Amino acid sequence: MGRIAATGRSARESGSGNDPLDYWLEQERQQGIEDDWAQAGDERLPSGWWLLPVMVMALPLWGFLIWMAFLR
């Protein structure tokens, strides 16, 4: 893995070769990912959609911590 990082670093320093991030972004542009998001419009989830599942999944942990702190 060190060789891959050194190769990427040397490619960026010399200005030759493809930067992996630029390559990935170009692939995403070719697939039209921006168009997919634009077409989704109102179908997208609200920005904080992940908060509810995270809080629900945290309930057993909080229950355990309260049990350990107060009921022992």
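Residues numbered from 1 in each chain as written. Predicted model: local features only at pLDDT ≥ 70, side-chain atom pairs only at ≥ 80, totals over all residues. Heavy atoms only, no water.

1. Things to note about the overall build of the protein
Consideration 1: Looking only at helices and strands, the protein features four helices and zero strands.
Consideration 2: The order of helices and strands in the protein, counted from the N terminus, is α-α-α-α.
Consideration 3: Out of the 72 residues belonging to the protein, those deemed buried represent 7%.
Consideration 4: Counting only carbon and sulfur atoms, one obtains 63% of the accessible surface of the protein, whose full area is about 6900 Å². (Helix = DSSP H or I, 4+ residues; strand = E, 2+ residues; numbered from the N terminus. Buried < 20%, exposed > 50% of the residue type's maximum accessible area, 1.4 Å probe, protein only. Areas by Shrake-Rupley, 256 points an atom, 1.4 Å probe, with all protein chains shown as cover.)

2. Side note on helix 4 (residues 51–70)
Consideration 1: Taking 1.5 Å of rise per residue, the 20 residues of helix 4 would be expected to cover 28 Å, and the 27 Å separating its terminal C-alpha atoms lies within 8% of that figure.
Consideration 2: Leu59 marks the point of greatest bend in helix 4, at about 35 degrees, and the proline Pro60 comes within the next four residues. (Expected span 1.5 Å × (residues − 1). Bend = angle between axes of the 7 residues up to and from the residue.)

3. Focus on the confidence of the model for the protein
Consideration 1: Mean pLDDT for the protein: 75, with 58% of residues reaching 70 or above.
Consideration 2: Mean pLDDT per element in the protein: helix 1 (residues 2–14) is the minimum at 56, and helix 4 is the maximum at 94. (pLDDT = per-residue confidence, 0-100.)

4. Side note on the packing of aromatic side chains
Consideration 1: A complete count under the given rule lists one aromatic pair for this structure.
Consideration 2: Ring centres of Phe64 and Trp67 lie 6.0 Å apart, and the angle between their planes is 35 degrees; this geometry places the pair in the tilted category. Taken as a pair, Phe64 and Trp67 lie in helix 4 at a separation of three residues, close to a single helical turn. (Phe/Tyr/Trp six-rings, centres within 6.5 Å; stacked < 30°, edge-to-face > 60°.)

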